[in-house]
Amino acid sequence: MVVFYRLWLGVQRCRQSVRHLPTQSSETAPFSTTTTALCAPSASVCTSPPPFYTPLGHPLHNITRPHLFIRLTRLHACYVVVEVLETENPTEVTYHYHLLTGGSVVTGTEGRTEPNLASLDFRTFKDDLDNPWAYGSVWQPTYTSSTLKRPAAWELATTESKRPRLAGSQTTFNHRLAHLVAMCDANLPFVNLQNELTSMNIPHQGLQLEGDNITLSVRLLRVPPCVEVSEETRRALERGLLECTFRLQGRNNRCWLVELVFAHCPLQSSSPREQGTVRHVYLSYETPPAEPVGCHRVIEMFLADWASIAQLHESVLAFSRILHDSPMAFQQFAEVRSYSYKKIVFCYGHNKGSSIGVQWLSGSGRFHLSLGTVGPNSGSSNCHSIIGHQLQEAFNRSPCIAQLLQILHDTQNPLNAINKLPTVPMLGLTPRPNTPFQCFTILPQSPTHVRLAFRSTYCVDIHCKARGTVAIRDGAYSLFDSSKIVEGFTPAPGLKTFLNMFVDGGEEARRRSVNEDDNPPSPIGADPLDPLLLPQALPPPTGQQGFNKTPPSSGTHYPLASPPTTYPTGVIPSPSMIPTPSPASVDPNSPYPTNMPMPSPGHRLATWPGSPQLAGGPRHTAMTSSLSPAQAAIHSPLSDPTHSPRAGASLSSRKLPQRSWAGAIPSLLSHNALHQLLCPSPTPAVLPSLAGSYLCSPLERFLGSVFMRRHLQRVIQQEEALHLLSSTEPGVITFKTEALKCRVALNAQTFQTLQLKATPEAEPWSPDELQVLEKFFETRVAGPPFKANTLNAFAKLLGAPTHILHDCVQIMRLELFPDQSLRWGVQFCLTIPPSAPPIAPPGMPAVVLKSKMLFFLQLTQRIGLPAPPPGSGGVGSEAVSVIVPVVYDMATGSTQQAEIPRQPPGAGNISFLVSNALRRFAELNPPHPGECTIFAAVKDLMTNLVLPLPARA
C-alpha cells in the first residue's frame, strides 16, 4: 500500500508540473482495450473504458501502472506518456517518458473526428542526460545538447541528485517533464513538416535556429518547378528566388508563414515597399484543427501558390519585354502600382484613378481580374466593371498584359460615356405605369463590343476601335447578314443619318455624292465586325452610276458603298472596287433586284497585291490612317456651321434617302463625338423656357422620338376620331381629325425631336393657335422622358370637338407662354400626377373624353406677387401647387371640379375652395349654346383664387 501511494504521488507531481503548459492530463488512456485508469486509493471502481481501442499487440499495452497521459492541446492527437516506476530507494521513483501520436484522421459515426488507430505511433525517449531530446531508433532529431539553454533543469529530476537540496527549494516540480512537453509542443510541427518534405522529394536544410536560437525554421533548397509554364519562366524564377523559409506564426502553432525572397524583379513599381533590390513575399496557411500541424495539405497549398506565382510571372516577363521597347507610351496611360509576385496591380487613366489587379487563382485554374478606383476616383465605380467578365474571359484565352492595357486604353473613354446613360428602372414609361421599365440596358458582348438596348425595342452596337474611334451601327441587324433582323429588336429608322451628324470628317468626305450613302453596302474590303463568312464577288447591278475617284488608303476599312463598273486608266481594281448588289431587305422602291444573293457587310477579303489599298504612308494622322477618304464618305456629311455636334444639332447639307439597311453600316465616331452623343445636354432648337426639366442625351432623344413615333401609329389605330393616312415619305406619319390634318416626323435638322405639322381642314385656325399646338406636342407630348401615355392623352385631345380643342389650345398657350399678370400658372397634365386626388392610378392618361370630358390641371401660385387684399386671409409669399381635376359637361356646357372620393369637408380645404370658385363662375357666366367655357373658367380660377393661411399650412 505504501508503494502504491508513492507511485500515485509521483503521478500527481507530474500532473502539477505541466499545469502551466497548454496541456490536458488524464490518468486514463485515450486508446485502450481494457480499463487503464489509475484509481484513487479510496476508489473501489475504476472509470469506464473510453470509446477508442488500440490494436492488439500495440506497445501501449506494455505500459505499467500507474501512468499519466498528457495531451498537447496545440497539436493533433499528440500525447506524452509518463510511466512511473519504483526504485530500490524507498523514498524515490523513476520516470520513463514516451510519445504517442495519432496519424491521419477519420470521421466518426456521430460526426466527430477520431484518430486513425491503425497509424498510432508509440516512441520512447532515450534516457540520455546529454541529449534528453532524443528518441530511440525510430527517430533522431537534429537537436544536440548545445541547443538546450539550461542543462541543470532536467538534472534535478534524475534518480540521484548531484548536489544537496537547499531548505525550502522546489522538490515537487518535474523540470525534465516540463522541458520535454515544451520541446514537443514547439518542435513536432517542424518534424512533421520535414517528414512531408522528405516524402515528396523536396530538398531542405532541416530544422534551423534563428534569432539568438529562439526561433525555428525550415529552409527549402529548391522549390519544385511548375510544369505548366515555359522553361524560360522556370529558369527566371529559379534564378530570382534567393530563399524559401517555413516558420510558425501565432501562439496556437497552427499558422504557417512562408517567406520567399526574390531578386531581379522584371518590373519596377511605384509602391514604396517595393523599391529595394529584393522583394519579400509572404504566404500564410492555416492548418485545420482536425489535421496534424505540418501536414501534407500545407505543402500542397504552398505548391499551388507557387504555381500561381509562376503563371503570373510568365505574363509579367512577356510584358516586361514589350515595356522595354516603348516605356513612354505605357507611362502616359498606366503605371505599375504594385507587383508582389502573387498579384500585379496597374493604375491607369488620365489621372491614374482606375486600377486593375491580375492574379492566378489556383482553385479555379484561371486568371482573376479585380477592378477598382484609387486616389481622386476613390468612392466611385470603375467604368470597366461593365465589361469585367468579358475582360477576364479574354485575358484567360490570351494572357497578354500589353493587350489588356491596350483594351483598357481603347475602351475607357467610350465606357465613361456609356456609364452616363440612365439604366435605373423608372415608372410611367409604358402604357402600364405601375410596371418599372429600364430605359437603357447595357449588354456587353466582348471587351470591345457593347450593345445598348433602348426600352427592349431598339439596339445600338458600339465597337471600340484603336486611335480614339468607335464604330456604331444598328444592332437590330445581324452581324452575319444585314438582311436578317436580330430577334427581339426592331431597326431604328434614320439612325445612320442621325449618327452621321456626329462624325468628324475631312474635306474629301464632304465632296461625296448623295447616292453613296444609299448604295448597297459592299462586303469587299470591309472591316469585319464578325468575319465568319467567305467573301463573294457578284456582278454589278444595272443602272448604277457614280464612283469615288480617290482610291482608299491603308488602314481599317469599313463597309463602303458599291463602286462603279468602270475604273480609271492604269489603276488595278482592288476587291473593294468590285460592285455588288444590295441585300434582299432593301426598300421596295429600290431599283436593284431583290432576288440576287448578297453577302453580309461584315465580310473581308485579303488585300490584293498592287491594289490602291496599299497606298499611303506613315505620316498620316491617327484619323486619316484609320479612315480613308473613300471610307469617310459614309461617315461625314457636310455640317451647318450654325449647328455643331457640340450642341447636338449638326446639320447635314443634304437630305439622305433612308434605306432599310443603312443602319447596318458602321459609322466611325471619335471619342469626343461619342461623349456628345451619350452625355446629357439641352435639347437643340428648343428654347430653354419651353424645354422640360428632364435632361437626356442626344441618343436618348433620337431613340425616344422614334419610339414615340412608332407608338403613335398604334394610338391612331385605336382612336376612332383619328384616321391614319398613307404617306410616301419614309419616317412620316400622316393622319387627320375632325378639323385638322396632321403630319408627324422627326426634326430634319437635329433628329432629336418629334414635330407635328397641323393643317386646318374646314374651320379656320389662326397660325398662332397651330404654332402653340405644334410646340406643345414637340416639348410636352413627344419630348423627354417619352411617356407612352402622354400620346394617348394628346390623341384624346385631338379627337375632341373643335370648340373644346380651341379652349385646350388656349390653356396650352398659358403653359408655354405664361401670363405674368395672373396669380396662378397652369400646366396641362397629360398623365395623372402622383399628388393628384385619388380618382385614377398615377401615370394613367389624364384625359378622358366621352359624354363628359375629364382632364387634370396643375395650378402653381406665383412668387413675388403683391399681397392679397386685406381681410382675404391670403398670403402670396410662397409657391403653392394644386392638382385640379376638371369635368366639362358637353350637354350643358358647364365646367366644374370632379368629385373627389374620400375628400374631407371643410372651408379651409384647397379642393373645396377650387370647387366653390368654379361653381361661382358658372353661376355668374351661364354658358351659351355651342360655347365652350373651359378656358374662361380656368382663366377666372387663375385670376381670382386666393388661398387662406390655414389651407397653406
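Values in this document were obtained by computation on a predicted structure and should not be read as measured data.

Draft legend 1. Focus on the confidence of the model for the protein chain. For the protein chain, mean pLDDT is 75; residues scoring 70 or higher make up 69% of the total. Predicted confidence is poor over residues 32-54, with pLDDT under 50, and the contacts of this stretch with residues over four places away or in other chains come to 48 contacts. Counting contacts from residues 870-876, a segment whose pLDDT is below 50, to residues more than four positions away or on other chains yields 18 contacts.

Draft legend 2. Fine view of the nonpolar core. In terms of nonpolar packing, the biggest core is built from 163 residues, with Leu 260, Phe 302, Leu 452, Leu 677, Leu 678, Phe 794 and Phe 828 touching the most fellow members. In contact with Phe 794, other than residues within four places in its own chain, are Leu 756, Leu 773, Phe 776, Phe 777, Val 781, Met 812 and Leu 830. Counting residues in hydrophobic clusters, the runner-up holds 24 residues, among them Leu 7, Cys 14, Leu 21 and Val 93.

Draft legend 3. Fine view of the pairing of strand β26 (residues 740-746). Burial analysis of β26 places five of its seven residues in the buried class, the great majority of the element. For strand β25 (residues 733-736) and β26, the ladder comprises four bridges, and the chain directions are antiparallel. Looking at β26, one finds that Lys 736 is bridged to Lys 741. Hairpin geometry of β25 and β26 is characterised by an intervening segment of three residues between the two adjacent antiparallel strands. Sheet analysis places β26 next to strand β27 (residues 754-760), joined by seven bridges and oriented antiparallel. Bridge pairing in β27 places Leu 746 opposite Leu 754.

Draft legend 4. Region of the structure containing the pairing of strand β8 (residues 204-210). Bridge count for β8 against strand β9 (residues 215-220) is five bridges, and the pairing is antiparallel. Bridge assignment links Gln 208 to a residue of β9, and that residue is Ser 217.

Draft legend 5. Looking closely at helix α1 (residues 2-17). With 16 residues, α1 extends 23 Å between its outermost C-alpha atoms, agreeing within 8% with the 22 Å of an ideal straight helix rising 1.5 Å per residue. Arg 6, Leu 7, Gly 10, Val 11, Gln 12, Cys 14 and Ser 17 are the residues of α1 that are buried. Those residues of α1 that are buried lie in contact with β2 (67-72), β3 (78-86), β4 (93-101) and α3 (175-199).

Draft legend 6. Spotlight on helix α16 (residues 788-798). Burial analysis of α16 places 10 of its 11 residues in the buried class, the great majority of the element. The set of residues buried in α16 consists of Ala 788, Asn 789, Thr 790, Leu 791, Asn 792, Ala 793, Phe 794, Ala 795, Leu 797 and Leu 798.

Draft legend 7. Summary view of the sheet that holds β27. As summarised here, the arrangement of the four strands in space is β24-β25-β26-β27, forming an open sheet in which the pairing is antiparallel. In this open sheet, the two edge strands, each paired with only one partner strand, are β24 (723-725) and β27. Put simply, the sheet's adjacent strands are angled 25° from each other on average, direction ignored. Against the sheet, helix α15 (residues 767-781) touches β26 and β27, its axis set at about 155° to β27.

Draft legend 8. Main features of the packing of helix α5 (residues 296-325) against helix α8 (residues 401-418). The interhelical angle for the contact between α5 and α8, taken along N-to-C directions, is 70°, at an axis separation of 8 Å. By the angle between their directions, the pair α5 and α8 is classed as roughly perpendicular. Residue-level contacts link Ser 315, Val 316, Phe 319 and Ile 322 of α5 to Ile 401, Ala 402 and Leu 405 of α8. When the residues that make up the contact of α5 with α8 are grouped by side-chain class, the tally is six nonpolar, one polar and no charged.

Draft legend 9. Region of interest: the pattern of salt bridges. Using the criterion set out here, one finds 19 salt bridges in the structure. Between Arg 15 and Glu 27 there is a salt bridge, with the nearest N and O atoms lying 2.9 Å from each other. Of the two residues, Arg 15 sits in helix α1 while Glu 27 sits in the loop between β1 (23-26) and β2, which places them 12 residues apart along the sequence. Judged by its relative accessible area of 23%, Arg 15 is partly exposed.

Draft legend 10. Representation of the side chain of Asn 747. Relative to the helices and strands, Asn 747 resides in the loop between β26 and β27. Side-chain polar atoms of Asn 747 contact the backbone nitrogen of Gln 749, separated by 2.9 Å. If sequence neighbours within four positions are ignored, Asn 747 has contacts with Ala 685, Thr 753, Gln 755 and Glu 778.

Draft legend 11. Structural detail: the packing of aromatic side chains. Enumeration over the complete set of coordinates arrives at 18 aromatic pairs. Each ring, one from Phe 262 and one from Trp 306, has its centre 6.2 Å from the other, and the planes form 10°; the classification is stacked. Linking Phe 262 in strand β11 (residues 255-263) with Trp 306 in helix α5, this pair joins segments that are 44 residues apart in sequence. Considered together, Phe 262 and Trp 306 belong to a single accessibility category, that of buried residues.

Draft legend 12. Molecular detail of the sheet that holds strand β23 (residues 667-670). Pairing within the open sheet is antiparallel, and its five strands lie in the order β17-β18-β19-β20-β23. Each of the sheet's edge strands pairs with one partner strand only, and the pair in question is β17 (440-446) and β23. Sheet twist, expressed as the average angle between the axes of neighbouring strands with direction ignored, equals 25°. Relative to strand β19 (residues 458-464), strand β18 (residues 449-454) is paired through six bridges, and the arrangement is antiparallel. Looking at the pairing, Leu 452 lines up with Val 460 of β19. Across the sheet, α8 lies against β17, β18, β19 and β20 (469-474), angled at about 155° from β19, the strand it touches most.

Draft legend 13. Local environment of the environment of Ser 483. Note on placement: Ser 483 falls in the loop between β20 and α9 (495-500). Under the relative-accessibility criterion, Ser 483 is labelled partly exposed at 26%. Sequence separation between Ser 483 and Ala 664 is 181 residues; the distance between their C-alpha atoms is 9.1 Å. Side chain to side chain, Ser 483 and Asp 481 meet in a polar contact 2.8 Å long.

Draft legend 14. Looking closely at the environment of Asn 201. Mapped onto the fold, Asn 201 is located in the loop between α3 and β8. Counting along the chain gives 23 residues from Asn 201 to Pro 224, while the straight-line C-alpha distance between them is 9.0 Å.

Draft legend 15. Examining the packing of helix α17 (residues 802-816) against helix α19 (residues 934-944) more closely. Where α17 contacts α19, the axes come no closer than 8 Å and their chain directions differ by 30°. The orientation of α17 relative to α19 falls into the category roughly parallel. Taken together, the residues of α19 that come into contact with α17 (itself represented by Ile 804, Asp 807, Gln 810, Ile 811 and Leu 814) are Ile 934, Phe 935, Val 938 and Met 942. Of the residues that constitute the contact of α17 with α19, the class distribution is seven nonpolar, one polar and one charged.

Draft legend 16. Examining unusual backbone geometry more closely. With an omega of 5°, the peptide bond between Pro 784 and Pro 785 qualifies as cis. Mapped onto the fold, Pro 785 is located in the loop between α15 and α16. Even without a glycine there, the phi angle at Arg 455 is positive, about 55°. Mapped onto the secondary structure, Arg 455 falls in the loop between β18 and β19. Of note, the phi angle at Arg 467 is positive, near 60°, even though the residue is not glycine. Within the secondary structure, Arg 467 is located in the loop between β19 and β20. Among the residues examined, Arg 467 registers a relative accessible area of 49% and is labelled partly exposed.

Draft legend 17. Highlighting the environment of Asp 819. Position of Asp 819 relative to the elements: it lies in the loop between α17 and β28 (824-829). Side chain to side chain, Asp 819 and Ser 821 meet in a polar contact 2.8 Å long.

What counts, and at which threshold
- Residues numbered from 1 in each chain as written.
- Predicted model: local features only at pLDDT ≥ 70, side-chain atom pairs only at ≥ 80, totals over all residues.
- Heavy atoms only, no water.
- pLDDT = per-residue confidence, 0-100.
- Contact = heavy atoms within 4.5 Å.
- Core = buried A, V, L, I, M, F, W, Y, C linked by side-chain atoms within 4.5 Å.
- Buried < 20%, exposed > 50% of the residue type's maximum accessible area, 1.4 Å probe, protein only.
- Helix = DSSP H or I, 4+ residues; strand = E, 2+ residues; numbered from the N terminus.
- Pairing = 2+ DSSP bridges.
- Expected span 1.5 Å × (residues − 1).
- Axes fitted to C-alpha atoms, helices over the stretch in contact; angles between N-to-C directions.
- Parallel < 35°, antiparallel > 145°, perpendicular 65-115°, else oblique.
- Nonpolar A, V, L, I, M, F, W, Y, C, P; charged D, E, K, R; others polar.
- Salt bridge = Lys/Arg side-chain N within 4 Å of Asp/Glu carboxyl O.
- Polar contact = N/O pair within 3.5 Å; in protein donor to acceptor, adjacent residues only side chain to side chain.
- Phe/Tyr/Trp six-rings, centres within 6.5 Å; stacked < 30°, edge-to-face > 60°.

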